[in-house]
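Per-entry structural report
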Amino acid sequence: MREITTKRIMEMKGKEKITMVTAYDYPSGLIADKAGIDIIFVGDSLGMVVYGDENTLNVTMDQMVYHTRAVAKAVKRGLVLADMPFMSYETSVEEGIKNAARLVQAGADAVKIEGGYDHKKLVKKLVRSGIPVMGHTGLTPQRYLRLGGYHITGETEEEIEEIIRDAKALEKAGAFAVVLEFVLSDVAKLVTEEVKIPTIGIGSGPYCDGQVLVWHDLLGFYEHTPPFVKKYADLRNIIQLALENYKEEVKDGKFPSGQYYWEFLDKDDFEKKKKRAMERLSQEESED
Ligand SMILES: Nc1nc(=O)c2c([nH]1)NC[C@@H]1CN(c3ccc(C(=O)N[C@@H](CCC(=O)O)C(=O)O)cc3)CN21
Ligand SMILES: CC(C)C(=O)C(=O)O
Ligand SMILES: [Mg+2]
């Protein structure tokens, strides 16, 4: 059992801000855990930031299982959360349960689904089966085609109603928290006040109970990140400089220098062994 449980996350509401970051492999899981992040999240943003797709719709259960396993091996303290990918829970409650179980068996402590009200039956069944669930409302990227892109949410009264309805349905069904993605901050504040479960914001302002960002965005791997991202490091530039340096040193014959390779100390010994090896080779060649 890891130190951070869904129970601990729920108790943090109103007391301590919840921190969450995505991770997709062993080294990122290790670093996020060592940094003391509360929730280490294998998001389906995987499809975009790791696999280079323009949306998250091509991510498969097999990919989520594979990446969850790598992250789970690294994380000792934080809560490991895994996204349910597109069409892994929409077809039926049974399908959703089966797929959530695969993520748990790969090492996830909880799963996240997009939506709330539409999936209350699934959430209830998962929680009863022992699988903690996080919901997700506001901008739901798995509805990319219907939404026609990634836009801010909560501007109309219908949208405000839908976001609150989702959050309340999730709370009632037993979800332990809800992500509010790209929601106007006034609306995110209202939702945070209206439900007892923690709200975790991304692009939704400071009134949420916690914050989540995508690994590649906050570490500066891209030029084009969503407008709500603060870049805490410029790793793309650091990595590019390191690679250019490596390239130059190889081209100039500076790498590898003495400390990075090994040679015979006794050159006579080498000459003897070389002679015998070469003789054996020409013997074999004449036999072929
Ligand atoms: N790397 C990454 N970071 C994310 O935060 C993230 C993903 N990928 N993929 C899934 C969703 C999609 N997200 C996004 C992506 C782009 C915008 C964005 O650029 N919005 C622009 C244009 C919106 C419009 O066309 O109206 C904006 O200025 O708001 C917002 C949220 C957030 N999520
Ligand atoms: C943007 C976050 C909340 C997400 O769902 C993901 O990274 O997949
Ligand atoms: Mg996601």
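Numbers given for residues are sequential positions, taken from 1 along each chain in its written order. Note on labels: chains are lettered from A, ligands numbered from 1, in written order. Local features in this predicted model are restricted to residues whose pLDDT is 70 or higher, and side-chain atom pairs enter the listing and the counts only when it is 80 or higher, whereas totals over whole chains, interfaces and linings include all residues. Side-chain metrics rest on all non-hydrogen atoms present in the structure, leaving aside hydrogens and water.

**Here's the deal with the overall build of the protein chain**
- Labels follow the DSSP assignment, with helices taken as runs of H or I lasting at least four residues and strands as runs of E lasting at least two, numbered in each case from the N terminus. Within the protein chain, the regular secondary structure consists of 12 helices and 8 strands.
- All radius of gyration figures rest on C-alpha atoms, and the globule criterion is 2.2 Å times the number of residues raised to 0.38. Since a compact globule built from 288 residues should have a radius of gyration of about 19 Å, the 25 Å found for the protein chain marks it as more spread out than a globular shape.
- Dimensions along the principal axes, computed over C-alpha positions, put the protein chain at roughly 85 × 40 × 40 Å.
- Relative accessibility decides the category of a residue: with a 1.4 Å probe and only protein chains considered, values under 20% of the type maximum give buried, values over 50% give exposed, and everything between is partly exposed. Split into buried and exposed, the 288 residues of the protein chain put 44% on the buried side.
- In the protein chain, the proportion of contacts linking residues at least 24 apart, taken out of those at least 6 apart, comes to 60%.
- About 16,400 Å² of surface is accessible on the protein chain, with carbon and sulfur atoms providing 54% of the total. Pairs of residues are marked as contacts when any of their non-hydrogen atoms sit within 4.5 Å. Note that accessible areas follow from Shrake-Rupley with a 1.4 Å probe, and for residues the cover is restricted to the protein chains shown.

**Considerations on the packing of aromatic side chains**
- Only Phe, Tyr and Trp rings take part, Trp by its six-membered ring, and two of them pair if their centres are within 6.5 Å. Stacked means planes under 30 degrees apart, edge-to-face means over 60, and tilted covers everything else. Per the stated rule, a full pass over the model turns up 5 aromatic pairs.
- The interplanar angle of 40° and the centroid separation of 4.9 Å between the aromatic rings of Tyr144 and Tyr150 together place this pair among those described as tilted.
- A relative accessible area of 16% means that Tyr144 is categorised as buried.
- Owing to a relative accessible area of 30%, Tyr150 belongs among the partly exposed residues under this scheme.
- With a centroid separation of 5.6 Å and 50° between ring planes, the pair formed by Phe255 and Tyr260 is classed as tilted.
- Under the relative-accessibility criterion, Tyr260 is labelled partly exposed at 45%.
- Three or more aromatic residues joined by ring pairs form one cluster here, namely Tyr246, Phe255 and Tyr260.
- Whether a charge lies above a ring is judged from NZ of Lys or CZ of Arg, which has to be within 6 Å of the ring centre and within 35 degrees of the ring normal. One Lys or Arg, Lys189, reaches over the ring of Tyr207 and ends 5.7 Å from the middle of that ring.

**Structural notes on the packing of helix H8 (residues 157-173) against helix H9 (residues 185-194)**
- The axes are straight lines fitted to the C-alpha atoms, using for helices just the contacting stretch, and the angles between their N-to-C directions are given from 0 to 180°. Their axes nearest at 10 Å, the elements H8 and H9 cross at an angle of 30°. The orientation of H8 with respect to H9, classified from their angle, is roughly parallel. The hand of the H8/H9 crossing is right-handed. Taken together, the residues of H9 that come into contact with H8 (itself represented by Ile160, Ile163, Ile164, Ala167, Lys168 and Glu171) are Val187, Leu190, Val191 and Glu194.
- When residues are sorted by character, Ala, Val, Leu, Ile, Met, Phe, Trp, Tyr, Cys and Pro go into the nonpolar class, Asp, Glu, Lys and Arg into the charged class, and all the rest, Gly among them, into the polar class. Grouping the constituent residues of the contact of H8 with H9 by class yields 7 nonpolar, no polar and 3 charged. For this classification, under 35 degrees means roughly parallel, over 145 means roughly antiparallel, 65 to 115 means roughly perpendicular, and everything else is oblique. Should the near helix be turned anticlockwise from the far one by less than a right angle, the crossing is termed left-handed; should it be turned clockwise, right-handed.

**Notes on the UniProt feature "active site" (unreviewed entry) in the protein chain**
- UniProt positions are given in the numbering used here, feature names are shortened, and annotations may be inferred rather than shown by experiment. Within the UniProt annotation, "active site" (unreviewed entry) is assigned to Glu181.
- With respect to the element layout, Glu181 can be found in strand E6 (residues 177-181).
- Overall, the relative accessible area of 11% leaves Glu181 in the buried class.
- Beyond its immediate stretch of four places on either side in the chain, Glu181 contacts His136, Thr137, Gly138, Leu139, Pro141, Thr153, Ile202 and Ser204.

**Here's the deal with the pattern of salt bridges**
- Here, a salt bridge means any side-chain nitrogen of Lys or Arg that lies within 4 Å of a carboxyl oxygen of Asp or Glu. Inspection of the entire model under this criterion finds 15 salt bridges.
- Linking Lys7 and Glu11 is a salt bridge whose minimum nitrogen-to-oxygen distance equals 3.4 Å. Taken as a pair, Lys7 and Glu11 lie in helix H1 (residues 6-11) at a separation of 4 residues, close to a single helical turn.
- Note on Lys7: relative accessible area 58%, which makes it exposed.
- Note that Asp62 is salt-bridged to Arg102, the shortest N-O span being 2.8 Å. Of the two residues, Asp62 is situated in helix H4 (residues 61-74) and Arg102 in helix H5 (residues 93-105); the sequence distance between them amounts to 40 residues.
- Among the residues examined, Asp62 registers a relative accessible area of 51% and is labelled exposed.
- A single network of salt bridges, built from pairs that share partners, joins Glu3, Asp38 and Arg77.

**Observations regarding the domain arrangement of the protein chain**
- Domain assignment breaks the protein chain into domain 1 (6-218) and domain 2 (244-287).
- Here the C-alpha centroids of domain 1 and domain 2 sit 54 Å apart. Note: domain ranges come from an automatic or database domain assignment.

**Some points on a negative patch on the surface**
- Patches here: salt-bridge-free residues with over 30% relative accessible area, like charges joined within 9 Å, nonpolar side chains (Val, Leu, Ile, Met, Phe, Trp, Tyr) joined within 5 Å. Charge assignment in this entry is limited to Lys and Arg as positive and Asp and Glu as negative, and neither His nor the chain termini are counted. All charge positions are set by atom: Lys at NZ, Arg at CZ, Asp at CG, Glu at CD. A contiguous patch of negative charge on the surface is contributed by Glu284, Glu285, Glu287 and Asp288.
- One can find Asp288 in the segment after helix H12 (267-287).
- Residue classification places Asp288 among the exposed residues on the basis of a relative accessible area of 84%.

**Thoughts on the coordination of the magnesium ion (ligand 3)**
- For Na, K and Ca the donor cutoff is 3.2 Å, while for all other metals N, O and S atoms must lie within 2.8 Å; water is not among the atoms, so some sites may look incomplete. All of the protein donors around the magnesium ion (ligand 3) are Asp44 (OD) and Asp83 (OD); their distances to the metal are 2.1 to 2.2 Å. In this pair, Asp44 sits in the loop between strand E2 (39-42) and helix H3 (46-49) while Asp83 sits in strand E3 (residues 79-83), placing the two residues 39 residues apart along the sequence. Neither residue differs from the other here; Asp44 and Asp83 are each classed as buried.

**Digging into the site of ligand 1**
- One heavy atom within 4 Å of a molecule or strand is enough for the residue carrying it to be called near that molecule or strand. Around ligand 1 lies a shell of 14 residues, among which Met48, Tyr150, His151, Glu181 and Asp217 are the nearest.
- Counted as a polar contact is a pair of N or O atoms within 3.5 Å, where, for protein atoms, one must be capable of donating a hydrogen and the other of accepting one, and residues adjacent in sequence contribute only when both atoms are in side chains. Within the backbone of Tyr150, a nitrogen or oxygen atom sits 3.4 Å from a nitrogen atom of ligand 1.
- For ligand 1, whose free accessible area comes to 670 Å², the fraction covered by protein is 69%.
- Partitioning the shell around ligand 1 into residue classes produces 11 nonpolar, 1 polar and 2 charged.

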